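Results of the structural survey
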Amino acid sequence: MNLNDWLRLLGWLAVEAAAVFAAAALLQVWIRSPREARTIWRAALAAAVLVWAAELSGLRGAMDESAPTQERFVVNAQLWAGADSARTAGAGESGLAPAPAPVKWPAWLWLAGSMALAGRSLLARGALGVRRRRAAPADEDSPRLIARLKGPLGLKRVEAQVWPNLQGPVAFGIFRPAIALPPNFAANFSESEREAMLAHEMAHLAARDPFWLMVSDAAIALAWWHPMVWLARSKLQSANEAAADEASTLTPGGAHVLAECLVRLGRELTASGPARALGIGGPGGRSHLAARIQGLLRGPRAWRPLSGRARWTPHIAAVAIALAAAALPIETGLSGSILDALASADPLPSPPASAPISKPPPAAVKEPKGRPPILLLIDVVELPDGGAGNLGLDWLFGPASTNDTPIQTSRDWTDLGTTNVAHPQNVVIDRLRIDGESVLLKPEQFAALRERVIAQGDVLSAPKIETRSGLEARVSVEEEMVCVTGVETTRSNNNINYFTDRLPTGIHVDITPNIQPNGRWQLHILADVTTFLGYDKTANDKILVRPEMGEKSPSGVIPRPRFRALETGADESLPLGQTLILRGPRWSETTETKSGLFRLKKKSVKHQRLYVFVTPQHPPA
């Protein structure tokens, strides 16, 4: 992935998260209940975690894949029969469409921040685990108050411990809920104060707040660079504390008593430590503490236990939001997981030269005399033909036909020079060919045209290859399509068997350069671009296993994979440094979309034309 791909990925993830958190913030404006606000922020953070995890793990890209393909990039030089030798250069980029360099540092920076925050969360939880194992059990008074509150709060078991250097109680534990109490808890606080504080902490455990704080930590670790994630976590912590404060109403005068306890414990609640690192006790800060005290003095709502529906609402809402986000037709630029991007960020090494058509040359071959080397920069581009995107290349070539190139339909894959297809008779190929339409451009003319071509066109490939005079050079950028091409029936068991073939699609450019006595180079060029269009369906595609049974016979469908082959060629003489442009066939694509309130169908037609740019240059020393 290059830098633009990383920026696009970060931008889409930021937009998705911002949309979810903005919706949560708008909902909270009309909601006064802290419990409902807590549900909203839980769902928002969980949805963000699911969306980001699906994107960064490659799951979303796997859901969008439509057909299994295998890319194969080949740049080679082949010999004429009886030729001496050939030498090739690796796949590179010409001046027309330089590929942006792949980069790794955004992924490493992202992972470094994620690992640092995840490590901080794990260390804090580890510190709590160590203190839990070393803690002493609480006296009899605190378990008695806890047992009195377990029923109204819907808890079955809560462990009470005494921790040193603690000023107030702290609730923690996802699978083994517990409350840590300070030393001399009974001596420093009255029974009404202890009961109000224990009701508040047990309300955290009843609402599964430790689990949702862990979810918020995961969101922070995944998108630490997004400011709205930190804001959402703070909102969730505030809602957790306000909702737990409602449990103080289970004790007589508990709200005012708990407010007095908060005043006494203000310094402890705003201090740092393992519990504060996990978000226990709220987001911290004096303004948050003052808001809690004011809410308690105004009188919180009466406590009521959570229903089963209320417990599952955040989970269901998060999954629904994540699925809706995954269904959006967004191309984030990430193919596979982020670890795959790190592994494949380096450019592919130059592939080796293929074997010659004739017998391979011996191990030690001297450079042939009279065959000077040449470097060929090749660019294969699809440009809009007509409409607002037209570059106006007619002033170079002369007026072109406004009609699409006549299509020659073939049902034999061997027409394209491939013989390794087991069932070529079912393959449909639309062949469009134009020969002899070419012009020459000087370097300054090509430089003026280059930026417009990059901006308006679709650069399919831009390799370079080094060869010698009189030797044929072939450039291939292939993608193997696994297509269903054949079908047969088996009467013995009434089965229908389908067969697949790997059909190569992509770009092939064959160039034979020959040096002339005047120093110019004669280039014989043949180029083709093959594209898979899908499967045709015709009325006679049905096949019956037992025709004598009529419609009751087991039946299948004969596959008809369809391809488009664009072909162009030229034979021109030009000096080094100039660029030869070949104008290829024109074709049209019609797409149908539904839009508007009534989902009306709308057809749009796009006209494209193939162009091939070839620039001969001196090879590097």
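Cut-off values and rules
Residues numbered from 1 in each chain as written. Predicted model: local features only at pLDDT ≥ 70, side-chain atom pairs only at ≥ 80, totals over all residues. Heavy atoms only, no water. Helix = DSSP H or I, 4+ residues; strand = E, 2+ residues; numbered from the N terminus. Buried < 20%, exposed > 50% of the residue type's maximum accessible area, 1.4 Å probe, protein only. Contact = heavy atoms within 4.5 Å. Areas by Shrake-Rupley, 256 points an atom, 1.4 Å probe, with all protein chains shown as cover. Axes fitted to C-alpha atoms, helices over the stretch in contact; angles between N-to-C directions. Parallel < 35°, antiparallel > 145°, perpendicular 65-115°, else oblique. Left-handed = near helix turned anticlockwise from the far one by under 90°. Nonpolar A, V, L, I, M, F, W, Y, C, P; charged D, E, K, R; others polar. Salt bridge = Lys/Arg side-chain N within 4 Å of Asp/Glu carboxyl O. Phe/Tyr/Trp six-rings, centres within 6.5 Å; stacked < 30°, edge-to-face > 60°. Expected span 1.5 Å × (residues − 1). Patch = residues over 30% accessible without salt bridge, like charges linked within 9 Å, V, L, I, M, F, W, Y side chains within 5 Å. Pairing = 2+ DSSP bridges. Core = buried A, V, L, I, M, F, W, Y, C linked by side-chain atoms within 4.5 Å. Polar contact = N/O pair within 3.5 Å; in protein donor to acceptor, adjacent residues only side chain to side chain. pLDDT = per-residue confidence, 0-100.

Regarding its fold elements, the chain presents 17 helices and 19 strands. The burial tally for the chain puts 46% of its 621 residues in the buried class. A sequence separation of at least 24 residues applies to 76% of the contacts in the chain between residues at least 6 apart. Surface summary for the chain: the accessible area is close to 31500 Å², and the carbon and sulfur share equals 57%.

Put simply, helix α5 (residues 141-153) and helix α7 (residues 191-206) touch, their axes get as near as 9 Å, and they point 50° apart. The angle between the axes of α5 and α7 places the two elements in the oblique class. You can see that α5 and α7 cross each other, and the crossing is right-handed. Between α5 and α7, the contacting residues are Asp141, Ser142, Arg144, Leu145, Ile146, Arg148, Leu149, Lys150 and Leu153 on the first element and Glu191, Arg194, Glu195, Leu198, Ala199, Met202, Ala203 and Ala206 on the second. In terms of residue class, the contact of α5 with α7 is built from nine nonpolar, one polar and seven charged.

On to the pattern of salt bridges. A complete count under the given rule lists 21 salt bridges for this structure. Notably, a salt bridge pairs Glu159 with Arg176, separated by 3.8 Å at the nearest N-O pair. Residue Glu159 is found in strand β3 (residues 159-162), and its partner Arg176 is found in the loop between β4 (170-172) and β5 (178-181); the two are separated by 17 residues along the sequence. Judged by relative accessible area, which is 47%, Arg176 ranks as partly exposed. Measuring nitrogen to oxygen at the nearest pair gives 2.9 Å for the salt bridge that ties Asp245 to Arg292. Here Asp245 is found in helix α9 (residues 227-245), whereas its partner Arg292 is found in helix α13 (residues 286-298), with 47 residues between them in sequence. Per residue, the accessibility class of Asp245 equals that of Arg292, and both read buried. Here the residues in one salt-bridge network are Asp141, Arg144, Arg148, Glu191, Arg194 and Glu195, joined through shared partners.

Evaluated as defined, the whole model comprises seven aromatic pairs. Consider the rings of Trp163 and Phe172, whose centres lie 5.1 Å apart with planes at 40°: the pair is tilted. For Trp163, a relative accessible area of 2% gives the class buried. Among the aromatic residues, those joined into a cluster by ring pairs are Phe532, Tyr535 and Phe563.

The subject of this paragraph is α7. Given a rise of 1.5 Å per residue, 16 residues ought to cover 22 Å, and the 22 Å separating the end C-alpha atoms of α7 matches this to within 8%. Counting buried positions along α7 yields 14 of 16 residues, so the element is predominantly enclosed. Positive backbone phi, approximately 60°, marks Arg208, located one or two places after α7.

This part is about a nonpolar patch on the surface. A surface patch of nonpolar side chains, about 420 Å² in accessible area, is lined by Leu3, Leu7, Trp105 and Leu109. Counting through the fold element by element, Trp105 comes out in helix α4 (residues 105-134). The exposure class assigned to Trp105 is exposed, which follows from its relative accessible area of 52%.

It is worth spelling out the packing of α4 against helix α8 (residues 209-222) at this point. At a minimum axis distance of 8 Å, the contact between α4 and α8 shows a crossing angle of 155°. In terms of orientation, α4 and α8 fall into the roughly antiparallel class. In this structure, the crossing between α4 and α8 has a hand that is right-handed. Listed contacts from α8 to Trp110, Ser114, Leu117, Ala118, Ser121 and Arg125 of α4 are Pro210, Leu213, Met214, Asp217, Ile220, Ala221 and Leu222.

Our focus in this paragraph is the sheet that holds strand β2 (residues 136-137). One open sheet holds the four strands; their spatial order is β2-β3-β5-β4, and the pairing between them is mixed. Sheet topology places β2 and β4 at the edges, where each strand pairs with a single neighbour. Bridge analysis of β2 against β3 gives two bridges, and the strand direction is antiparallel. Looking at the pairing, Ala136 lines up with Val162 of β3.

Let us now look at the nonpolar core. Inside soluble globular proteins, nonpolar side chains tend to come together where they are buried. Counting 34 residues, the largest nonpolar core has Leu153, Ile179, Leu198 and Met202 as its most contacted members. Listing elements by their share of this core, those giving two or more residues are α5, β5, α7, α10 (254-264) and α13. For this core, the leading source of residues is α7, giving eight residues. Within the second largest apolar cluster, 27 residues are counted, among which are Trp6, Ala48, Val215 and Ala232.

For the rest of this paragraph, the subject is the pairing of strand β17 (residues 561-574). Counting buried positions along β17 gives 11 out of 14 residues, so the element sits mostly inside the fold. Relative to β17, strand β8 (residues 428-435) runs parallel, the two sharing eight bridges. Note on β17: the bridge partner recorded for Leu432 is Leu566. Sheet topology places strand β14 (residues 521-535) next to β17; 14 bridges connect them, and they run antiparallel. Each residue of the ladder has a partner; that of Phe532, found in β17, is Phe563.

Our next topic: unusual backbone geometry. One non-glycine residue, Asn165, lies in the positive phi region at around 60°. With respect to the helices, strands and loops of the structure, Asn165 is situated in the loop between β3 and β4. Within the chain, Asn184 stands out as a residue other than glycine whose phi angle is a positive 55°. By secondary structure assignment, the location of Asn184 is in the loop between β5 and α6 (185-188).

Examined against the element boundaries, Arg132 turns out to sit in helix α4. Other than its neighbours up to four places away in sequence, Arg132 contacts Glu159, Gln161, Trp163, Phe172, Gly173, Arg176, Pro177 and Ala178.

In this fold, Ser573 is placed in strand β17. In the structure, Ser573 is positioned 133 residues away from Leu440 in sequence and 9.3 Å away in space, judged by C-alpha atoms. Not counting the four nearest positions on each side in its chain, Ser573 is found in contact with Leu440, Gln516, Arg520, Trp521 and Gln522. A polar contact is formed between the side chain of Ser573 and the side chain of Gln516, at a distance of 2.8 Å.

This next bit is on the environment of Thr615. Relative to the elements of secondary structure, Thr615 occurs in strand β19 (residues 600-617). Using a relative accessible area of 5% as the deciding quantity, one classes Thr615 as buried. Between the C-alpha atom of Thr615 and that of Thr579, which follows or precedes it by 36 residues, the distance is 4.4 Å. Excluding residues that lie within four positions of it along the chain, Thr615 makes contacts with Leu375, Leu376, Leu377, Gly577, Gln578 and Thr579.

When pLDDT is averaged along the chain, the result is 76, and 71% of the positions lie at 70 or above. Confidence drops under pLDDT 50 across residues 63-99; counting only partners more than four residues distant or on other chains, this segment forms 112 contacts.

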